[in-house]
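# Summary of the model geometry
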Amino acid sequence: KEDTPLGSYPQLRAAVEAAVAWVNTELGGVDGHPIEFHPCITRFDAEQSRACAVQLRDAGVVALVGGVDVTSSGSIAVIEQSGLVSIGGIPATLEEQRSPDAFYFSGGDAGALAGFMDHAARRRATRVALLYGQEVESFRVAASDYGAIVGRSRGLQVDVVPYSIFTTNFTPVLAQVAASGADAVMVLAATTACIPVMQAAAALHPRLPLYLTGACAADEIVGAAGAASRGVTFNAEGPVDGTNVDASVFRDVVARYAREPAGGAGTVGFRGFMNLYALLREVGADHVSAAALIARARAAVDHPSFWGHPYTCDGRQVPGMPALCAPQQVLFERSPGGAFRSVSGWIPTDRLFARAFG
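Residues numbered from 1 in each chain as written. Predicted model: local features only at pLDDT ≥ 70, side-chain atom pairs only at ≥ 80, totals over all residues. Heavy atoms only, no water.

## Quick notes on the side chain of Ser-344
Within the element layout of this structure, Ser-344 appears in the loop between strand 12 (340-342) and helix 13 (349-357). At 3.0 Å, the side chain of Ser-344 forms a polar contact with the backbone nitrogen of Leu-331. Apart from the residues lying within four places of it in its own chain, the contact partners of Ser-344 are Gln-329, Val-330 and Leu-331. (Helix = DSSP H or I, 4+ residues; strand = E, 2+ residues; numbered from the N terminus. Polar contact = N/O pair within 3.5 Å; in protein donor to acceptor, adjacent residues only side chain to side chain. Contact = heavy atoms within 4.5 Å.)

## Overview of the packing of aromatic side chains
Applying the stated criterion across every chain yields a total of 13 aromatic pairs. Ring centres 5.6 Å apart and planes at 50° place the aromatic pair Tyr-146 and Phe-357 in the tilted group. Here Phe-357 lies in helix 13 and Tyr-146 lies in helix 6 (residues 137-153), a separation of 211 residues in the sequence. In this structure Phe-357 comes out as partly exposed when scored by relative accessible area, which is 34%. When the centroid spacing of 6.4 Å and the interplanar angle of 40° are considered together, the rings of Phe-353 and Phe-357 count as tilted. Taken together, the residues span about one helical turn, with Phe-353 and Phe-357 both in helix 13 at a distance of four residues. Residue Phe-353 is classed as buried on the basis of its relative accessible area, which comes to 0%. Put simply, the rings of Phe-250, Phe-270, Phe-306 and Trp-307 pair up and form one aromatic cluster. (Phe/Tyr/Trp six-rings, centres within 6.5 Å; stacked < 30°, edge-to-face > 60°. Buried < 20%, exposed > 50% of the residue type's maximum accessible area, 1.4 Å probe, protein only.)

## Comments concerning the environment of Leu-324
When you line up the elements, Leu-324 lands in the loop between strand 10 (308-311) and strand 11 (330-334). Counting along the chain gives 287 residues from Leu-324 to Phe-37, while the straight-line C-alpha distance between them is 24 Å. Among all residues touching Leu-324, those that are not within four sequence positions of it are Pro-91, Gln-97, Tyr-104, Ser-106, Gly-107, Gly-108, Gln-317 and Val-318.

## So, the packing of helix 7 (residues 171-180) against helix 8 (residues 194-204)
The geometry of a pair of packed helices is captured by two quantities: the angle between their axes and the separation between those axes. At a minimum axis separation of 9 Å, helix 7 and helix 8 run at an interaxial angle of 45°. As summarised for this structure, helix 7 and helix 8 are arranged oblique, according to the angle between their axes. As helix 7 runs across helix 8, the sense of the crossing is right-handed. Across from Thr-171, Leu-174 and Ala-175 in helix 7, the residues of helix 8 making contact are Val-197, Ala-200, Ala-201 and Leu-204. (Axes fitted to C-alpha atoms, helices over the stretch in contact; angles between N-to-C directions. Parallel < 35°, antiparallel > 145°, perpendicular 65-115°, else oblique. Left-handed = near helix turned anticlockwise from the far one by under 90°.)

## Quick word on the sheet that holds strand 3 (residues 102-103)
Strand order in the open sheet made by the three strands is 1-2-3, with parallel pairing throughout. Looking at the sheet topology across the chains shown, the edges are occupied by strand 1 (63-65) and strand 3. With three bridges connecting them, strand 1 and strand 2 (residues 85-87) associate as parallel partners. The partner of Ala-63 across the bridge, within strand 2, is Val-85. Helix-sheet contacts for helix 11 (residues 266-283) involve strand 1 and strand 2, and the interaxial angle to strand 1 is about 155°. (Pairing = 2+ DSSP bridges.)

## Structural notes on the nonpolar core
Within soluble globular proteins, side chains that are nonpolar generally end up buried alongside one another. With 39 residues, the main nonpolar core has Val-85, Phe-103, Phe-270, Phe-273, Met-274, Leu-293 and Tyr-311 as its most contacted residues. Listing elements by their share of this core, those giving two or more residues are helix 1 (10-26), strand 2, helix 10 (245-257), helix 11 and helix 12 (290-298). Every residue in contact with Phe-270, bar those within four places of it in the chain, is listed here: Ala-15, Val-16, Ala-19, Phe-250, Val-253 and Phe-306. The next biggest cluster of nonpolar side chains, apart from the first, holds 38 residues, and it includes Ala-125, Ala-143, Tyr-211 and Met-321. (Core = buried A, V, L, I, M, F, W, Y, C linked by side-chain atoms within 4.5 Å.)

This is how it looks when you write it as structure tokens:
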């Protein structure tokens, strides 16, 4: 998805393009065979999303490296009916999260909220306000059917508060949160809301813990938010420690092969492609097919992941969302000096879900 009112993520494409160039140039592709990359851009339109899936199917691709597609209801049906496989990316919709032929190294918004709830409980919060953009069904489900349930299983009182995703002034809704007596607030929002949420929270309640998903930690967003981004807790599905070996590989590859900015959300695209590349090598060039990749992914148990938690694709990591293979979370904040620092180790959200749902 690029150039849309609710967010644009060209970094995902740019990072995958860089990774493909690196793998083909320096690693010899798969058993000496170069990998072909066919990008297709959606712009918040279900029919265009479907057309992309048809275009890729007709091009003979065996796997899709997911980006972020909030209209994936148009593409998922084509992917499943065509026997293709989608690996990696940002699972923005329920169709993606529930697909048997998609594999994400992520816990989606449900995983993020589970991590936030655990962290808030450990901070001795007692009442949490959980805000979500009511026009997005996946936000509602993540908030009401996952985040709130996990929070209550951790002993928290959780108030689920809908708001319009097109809101630009968050002062009224955050004033409502303060009046409720909440001692932490979590927000599921489009990236266009990240800055106004942070600014309103900093102005109204500078000491109230604020949790936002990792997309809000993009350099351009926290740079524009300035001091308002300090102290905000974000989620990640890979270590934020700059000394991590995989992080170093990412930076080096992007520096040498990326033709446009590939940071921020680009790390997710890079992870997805590198994990797909590992599966391709395991299957072998002579046996590559969508069916072989699906079988290999479904059999994965604690499989090493590039710059992420080991993944298990048994369909049971997040109840009702079989495509989410690695829901574990790391939380981080922006320090007064501007750098990001971890505020948790790996949070075992798979266990939190298991406990909350019995």
